[in-house]
Amino acid sequence: MPRTPPNPSHPAPGDLPFVVHEWFHSPGDPWFFVLVRLRGGAPELTDLRELVRSRWGPVPRMRLRAGPTPTGRRRGRPRWFVADELDPERQVVAAPLAPGPDALRERVGELLGDPLRSTVATWRLYLLSGPEVDGFAVLLRVHHAVADGVSVIRLLERLMGEGAEAGAPWPGGAVRRVPPGPASVRGVLATVAGVLGRNSRLSFNGRPGDGRHPAWVTVSAQTVRAARHAAPGTARPTVNDVYLAAVSGALRTVLADRPIPGRVAALVPVDMRAADEASRIGNVVSFFRIPLPLTESHPRARLARVRVETARAKSIGQAAIARTTIEVAARLPLVVTRLADLITMSAGYANTTCTNIPGPKTPLVLLGRPAVELIAAPPLMGSQNVVFGFTSHGDTFTAGVTTDRAHRALADRLARALGTEFEKLAAAATAPY
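This structure is a prediction, so every number in the text was calculated from the model and none was measured.

This brings us to the confidence of the model for the protein. Per-residue confidence for the protein averages 87 on the pLDDT scale, and 87% of its residues sit at or above 70. Contacts for the low-pLDDT stretch residues 1-6, under 50 throughout, to residues beyond four places or in other chains number 14 contacts. Note on residues 163-178: pLDDT is under 50 here. Beyond four places in sequence and across chains, it has 41 contacts.

Structure below.
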């Protein structure tokens, strides 16, 4: 085991909510995942470990460990330690797959349900393969305090890039920070209204149970491009707008056997990196709170509503205000951060999380084996028992749903409904409205 030197430091403000979530044993867990499916035969575990050692070893964030929880968690503050080197033998492990058409998804669900602690490791990489399974996969589980979704894609590019691509710079796209004035005042008022208002509680909102169940559906880039033309008017929706509209339609379809709730909202993570820190590995994220228009019966109407809501959130600087709130809370007693975490992850504030992680800029290749698909999902935390993830690789987008084991049938239905919603939006682009 590599020696851990006495070099403690406190988590950064953006890391702290996820550390505190674990410290206080809040519902769910702060670990998220990215699954990479690849073509060809699986590499040797020793070769993968050596690659991880050489490419991730120089990254300090990948050598982080959390300090032990002190007696009386409310005293003191969390501490990080940086190990001298990685421990691939502990953190890169084989996970054999049983025969069967659904072996990969079932095995991923088993692994995601296995509890991890940041005092032991802050990430783990699994090599999933089997003699009767076509291709193989690697599953990366990461504590959200260590890295956000953009960081994980950068890490995968570093691990699976070829030559100079392993550390290539990545153009940034920081969220616009709104200066003080009427727009920022509206942003503060909207944030307060979101905290004080109450959403409709959905059937899956509650403390996450044991186990995890992922489900996903593949969507072609052509379908997503066509769907961007579905909204009325001249302003074209973003890919993220299309994704949120599809989630809204899928929830409306699956919940159709009961009254359609009028107030449903999603947390939408937002990258806060400035242009000169686009390659930064860490947790540099905030969020929008976006109402989901389940009451709209037509796909084009849902997309139009989502476009309006996301444009409004951007115009009033909602993500920058939320980030500032996180940074201020981090300077106060930990109970303040815990309270903010409980509010943010409550069903009354947001029924679910919908994360959209931009895919790698170049194709991923692991030891000569090309990647064919990426699947990602945020953690189940608070009262969010269903969460959504969206990412891409090449010309393929993947929309995923993750639930606890008790809601596995719901995850499967939502994944199918998501695929249908993307197709409806693409078809609506050329249909009369």
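Structure's up, so let's keep going.
A few words now on the packing of helix H1 (residues 16-23) against helix H11 (residues 334-344). Relative to each other, H1 and H11 sit at 90°, their axes nearing to 9 Å. As judged from the angle between their axes, H1 and H11 are roughly perpendicular. The residues of H11 that touch H1, namely those facing Leu 16, Pro 17, Val 20, His 21 and Trp 23, are Leu 334, Thr 337, Arg 338 and Asp 341. Broken down by class, the residue content of the contact of H1 with H11 amounts to 5 nonpolar, 2 polar and 2 charged.

A pair of packed helices is characterised by two quantities: the angle between their axes and the separation of those axes. One way to put it is that helix H8 (residues 239-254) packs onto helix H12 (residues 408-428) with a least axis distance of 8 Å and a crossing angle of 125°. Of the possible angle classes, the one that applies to H8 and H12 is oblique. H8 and H12 meet at a crossing whose hand is right-handed. Contacts between H8 and H12 involve Val 242, Tyr 243, Ala 245, Ala 246, Val 247, Gly 249, Ala 250, Leu 251, Thr 253 and Val 254 from the first element and Leu 410, Arg 413, Leu 414, Ala 417, Leu 418, Glu 421, Phe 422 and Leu 425 from the second.

Turning next to the pairing of strand E4 (residues 92-96). Relative to strand E5 (residues 123-129), E4 is paired through 5 bridges, and the arrangement is parallel. Directly across from Ala 94, in E5, lies its bridge partner Leu 127. One crossover worth recording links E4 to the parallel E5 by way of helix H4 (residues 103-112), and it is right-handed.

To continue, consider the side chain of Glu 22. With respect to the helices and strands, Glu 22 occurs in helix H1. Judged by relative accessible area, which is 6%, Glu 22 ranks as buried. Residue contacts for Glu 22: discarding those within four places in its chain leaves Pro 30, Trp 31, Leu 116, Arg 117, Ser 118 and His 143.

Right, let's talk about the packing of aromatic side chains for a bit. All chains considered together, the criterion is met by 4 aromatic pairs. What links up through ring pairs into an aromatic cluster is the set Tyr 243, Phe 390, Phe 397 and Phe 422. Above the face of the Tyr 349 ring, Arg 289 is positioned so that its terminal group lies 5.0 Å from the ring centre.

So, on to helix H10 (residues 318-329). The terminal C-alpha atoms of H10, which comprises 12 residues, lie 17 Å apart, in line with the 16 Å expected from a rise of 1.5 Å per residue. Burial in H10 covers these residues: Gln 318, Ala 319, Ala 320, Ile 321, Ala 322, Arg 323, Ile 326 and Ala 329.

This part is about empty space enclosed by the protein. Any empty space left between atoms is shown by rolling a water-sized probe over those atoms. Summed over all chains, the structure comprises 2 cavities of 30 Å³ or more. The computed volume of the largest cavity comes to approximately 110 Å³. Around the largest cavity sit Asp 29, Trp 31, Phe 32, Phe 33, Leu 112, Arg 141, Arg 212, Ala 377, Pro 378, Pro 379, Leu 380 and Thr 402, which together line it. In terms of residue count, the dominant contributor to the lining of the largest cavity is strand E1 (residues 31-38) (3 residues).

It is worth spelling out a nonpolar patch on the surface at this point. A cluster of nonpolar side chains, Val 328, Leu 332, Val 335 and Val 336, forms an exposed patch at the surface whose accessible area comes to about 300 Å². Relative to the helices and strands, Val 328 is located in helix H10. When its relative accessible area of 43% is taken as the criterion, Val 328 is described as partly exposed.

Of all 8 residues that make up E1, 7 are buried, and the element is covered over most of its length. With 8 bridges joining them, E1 and strand E6 (residues 136-143) adopt antiparallel strand pairing. The residue bridging Val 34 from the neighbouring strand is Leu 140, located in E6.

In a beta sheet, neighbouring strands are held together by backbone hydrogen bonds and run either parallel or antiparallel to one another. Taking strand neighbours across the sheet as the criterion, the 6 strands line up as E4-E5-E6-E1-E12-E11 in an open arrangement whose pairing is mixed. Each end of this open sheet is capped by a strand with a single partner; those strands are E4 and strand E11 (365-366). Sheet strands in contact with H4 are E1, E4, E5 and E6, and its direction is about 20° off that of E6.

Thresholds applied
Residues numbered from 1 in each chain as written. Predicted model: local features only at pLDDT ≥ 70, side-chain atom pairs only at ≥ 80, totals over all residues. Heavy atoms only, no water. pLDDT = per-residue confidence, 0-100. Contact = heavy atoms within 4.5 Å. Axes fitted to C-alpha atoms, helices over the stretch in contact; angles between N-to-C directions. Helix = DSSP H or I, 4+ residues; strand = E, 2+ residues; numbered from the N terminus. Parallel < 35°, antiparallel > 145°, perpendicular 65-115°, else oblique. Nonpolar A, V, L, I, M, F, W, Y, C, P; charged D, E, K, R; others polar. Left-handed = near helix turned anticlockwise from the far one by under 90°. Pairing = 2+ DSSP bridges. Right-handed = clockwise from strand over helix to strand, strands pointing away. Buried < 20%, exposed > 50% of the residue type's maximum accessible area, 1.4 Å probe, protein only. Phe/Tyr/Trp six-rings, centres within 6.5 Å; stacked < 30°, edge-to-face > 60°. Lys NZ or Arg CZ within 6 Å of the ring centre and 35° of its normal. Expected span 1.5 Å × (residues − 1). 1 Å grid on protein atoms, 1.4 Å probe; cavity = no way out; pocket = protein on both sides within 12 Å on 5 of 7 lines; lining within 4 Å. Points joined across faces, edges and corners; volume = space filled by probe spheres on them. Patch = residues over 30% accessible without salt bridge, like charges linked within 9 Å, V, L, I, M, F, W, Y side chains within 5 Å. Areas by Shrake-Rupley, 256 points an atom, 1.4 Å probe, with all protein chains shown as cover. Salt bridge = Lys/Arg side-chain N within 4 Å of Asp/Glu carboxyl O.

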